[in-house]
Structure formats: C-alpha cells, structure tokens
Amino acid sequence: MPGGENKPSTTRVRGENRKLNRLSGFDYSSEKNYFVTICVDKHQKYFGGIYNGVMCVNRLGSIISRQWEWLQKRYPYIKSHAFIVMPNHVHAIVEINKNYINTHNSCTDRSCTDRSCTDRSRPVRTDIVNITDIIPTPTIVTGNITDNDIKIKPLSELIGAFKTTTSKIIHQNGFNE
C-alpha cells in the first residue's frame, strides 16, 4: 500500500476506537475467496467449549452451524471452503463465484418446491389445515438462471444476513443475553 492508498482507517463505534476491517474502494462482491472471522461481543464463550483438544458445540454453536448451511442454500453464488465454530467466534473461508449459480442446490431455481431455504427461521405454524395454505404453487421456469437474474451481494450483506437470522433463532430459543 505505497502512499497510504487503500489503507484501513480508524472509526468510532459505540464509544470505542476500532480499526476498520475493509479496504476502502474494494468491491467485496467480486469473485474471490474471503477469510471471515466473526467474534462474539465481549468474547463471551457462548458456542461451546474445547474438551481434550476437541471443540464441542452446544445448542448455540449448533444454531450457528445450521445457519451457515442456510446461507449457502439461500445464496447460490457462495461456497464455503472451510467453517469452524469456536467457543467465542467462528472462522470461515467463503468464495463468491457467479458460476455456482446453476450448479448449486438452492431455491434460487424458480422451479424449486423446497421452501426451507427462504424460510428465514420463522416460528413453525401449528394451525395449518391444508399444506397449500402455506406453500404457494411454484412457477415453473425452463432454462438456466442468467447472471442478470441474481444480484451478487457483497460480503458484508451476506454476513449481515447470517448474523441477523442466527440472532433471531437464538432469541426465539430463549437465549436473550
């Protein structure tokens, strides 16, 4: 970074000075591999513990893992090359690549009848009389999805979706700390 261009700056967040972790001017929706670390606030060990050298996830850690899988189903242009839940953070290597769109098993395919990946983790209704009351008849579209059919979200929006849905499920399960 000669001359200081593209140098991360410092910002004030909730009374703290924090180093920004993004390069200014960089397109984080570009087709690349990204290393991601997401830490728990105040580094609390919410996701499990390490016992005899092995990470053992608890219920919250399990939710984290499931939501990472959901993220890959929901956004067909991403692929997780590595993901690990640690006691107070997660690490991932995620690739953004539009070529995965037509080869990925996801509900972006308009003929898909599995709506679980668009659920966004809402509570399950128990007053259903007929399954057609909750699942609309899918529109069948022939052919592949084109690049123009899907907007590639930048990494920050993908991680935001992961964190939002994960937090929602955790709170729905009674963990409000």
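Procedures and definitions
- Residues numbered from 1 in each chain as written.
- Predicted model: local features only at pLDDT ≥ 70, side-chain atom pairs only at ≥ 80, totals over all residues.
- Heavy atoms only, no water.
- Core = buried A, V, L, I, M, F, W, Y, C linked by side-chain atoms within 4.5 Å.
- Buried < 20%, exposed > 50% of the residue type's maximum accessible area, 1.4 Å probe, protein only.
- Helix = DSSP H or I, 4+ residues; strand = E, 2+ residues; numbered from the N terminus.
- Pairing = 2+ DSSP bridges.
- Axes fitted to C-alpha atoms, helices over the stretch in contact; angles between N-to-C directions.
- Contact = heavy atoms within 4.5 Å.
- Phe/Tyr/Trp six-rings, centres within 6.5 Å; stacked < 30°, edge-to-face > 60°.
- Expected span 1.5 Å × (residues − 1).
- Polar contact = N/O pair within 3.5 Å; in protein donor to acceptor, adjacent residues only side chain to side chain.
- Parallel < 35°, antiparallel > 145°, perpendicular 65-115°, else oblique.
- Left-handed = near helix turned anticlockwise from the far one by under 90°.
- Nonpolar A, V, L, I, M, F, W, Y, C, P; charged D, E, K, R; others polar.

Draft legend 1. View of the nonpolar core. Core analysis: the biggest nonpolar cluster contains 29 residues, and V36, L71, Y75, Y77 and I78 have the highest contact counts within it. The leading source of residues in this core is helix α2 (residues 155–172), at seven residues.

Draft legend 2. Local environment of the sheet that holds strand β3 (residues 33–39). If you walk across this open sheet you meet the three strands as β3-β7-β6, and the pairing is antiparallel. The open sheet has two edge strands with one neighbour each: β3 and β6 (78–85). If you compare each strand with its neighbour and ignore which way they point, the axes differ by 20 degrees on average. Of the pairings in the sheet, the one linking β6 to strand β7 (residues 89–96) comprises seven bridges and is antiparallel in character. If you follow A82 over to β7, its bridge partner there is I93. Together, β6 and β7 form the strand contacts of helix α1 (residues 59–74), whose direction differs from that of β6 by roughly 175 degrees.

Draft legend 3. Seen up close, the pairing of strand β4 (residues 48–51). Note that β4 and strand β5 (residues 54–57) share four bridges and pair antiparallel. Note on β5: the bridge partner recorded for Y51 is V54. The turn joining β4 and β5, which pair antiparallel and follow one another in sequence, is formed by two residues; a positive phi near 55 degrees is taken by N52.

Draft legend 4. Structural view of the packing of aromatic side chains. Going through the model one piece at a time under the given rule, you end up with six aromatic pairs. Note on F26 and Y28: the rings are 4.6 Å apart at their centroids and 70 degrees apart in plane angle, and the pair reads as edge-to-face. On the basis of an interplanar angle of 10 degrees and a centroid distance of 4.8 Å, the ring pair of W68 and F83 is categorised as stacked. On the criterion of sequence distance, the pair formed by W68 in helix α1 and F83 in strand β6 is long-range, its members being 15 residues apart. The exposure class assigned to W68 is buried, which follows from its relative accessible area of 2%.

Draft legend 5. How the structure looks around α1. Across its 16 residues, α1 extends 22 Å between first and last C-alpha, which sits within 8% of the 22 Å expected from 1.5 Å per residue. All buried positions along α1 are accounted for by L60, G61, I63, I64, Q67, W68, W70, L71 and Q72. Packing partners of the buried residues in α1 comprise β5, β6, β7 and α2. Looking at where α1 begins, the residue whose side-chain oxygen comes 3.0 Å from the main-chain nitrogen of L60 is N58.

Draft legend 6. Molecular detail of the packing of α1 against α2. Interaxial distance between α1 and α2 falls to 9 Å at its minimum, and their mutual angle equals 140 degrees. Judged by the inter-axis angle, α1 sits oblique to α2. In the crossing of α1 with α2, the sense of the turn from one axis to the other is right-handed. Contacts from L60, I63, I64, Q67, W68, W70 and L71 in α1 reach L158, I159, A161, F162, T165, T166, I169 and I170 in α2. Looking at the contact of α1 with α2 residue by residue, the classes come out as 12 nonpolar, three polar and no charged.

Draft legend 7. Summary view of the environment of T37. Note on placement: T37 falls in strand β3. Linking T37 and I84, residues 47 residues apart in sequence, is a C-alpha distance of 9.8 Å. Once residues within four sequence positions are removed from consideration, T37 is found in contact with H89, V90 and H91. Side-chain polar atoms of T37 contact the side chain of H91, separated by 2.9 Å.

Draft legend 8. Spatial organisation of the side chain of S29. Turning to its location among the elements, S29 is positioned in the loop between β2 (16–19) and β3. At 2.6 Å, the side chain of S29 and the side chain of D27 are in polar contact. With sequence-adjacent residues up to four places away left out, S29 is seen in contact with Y34, I96, I152, K153 and P154.

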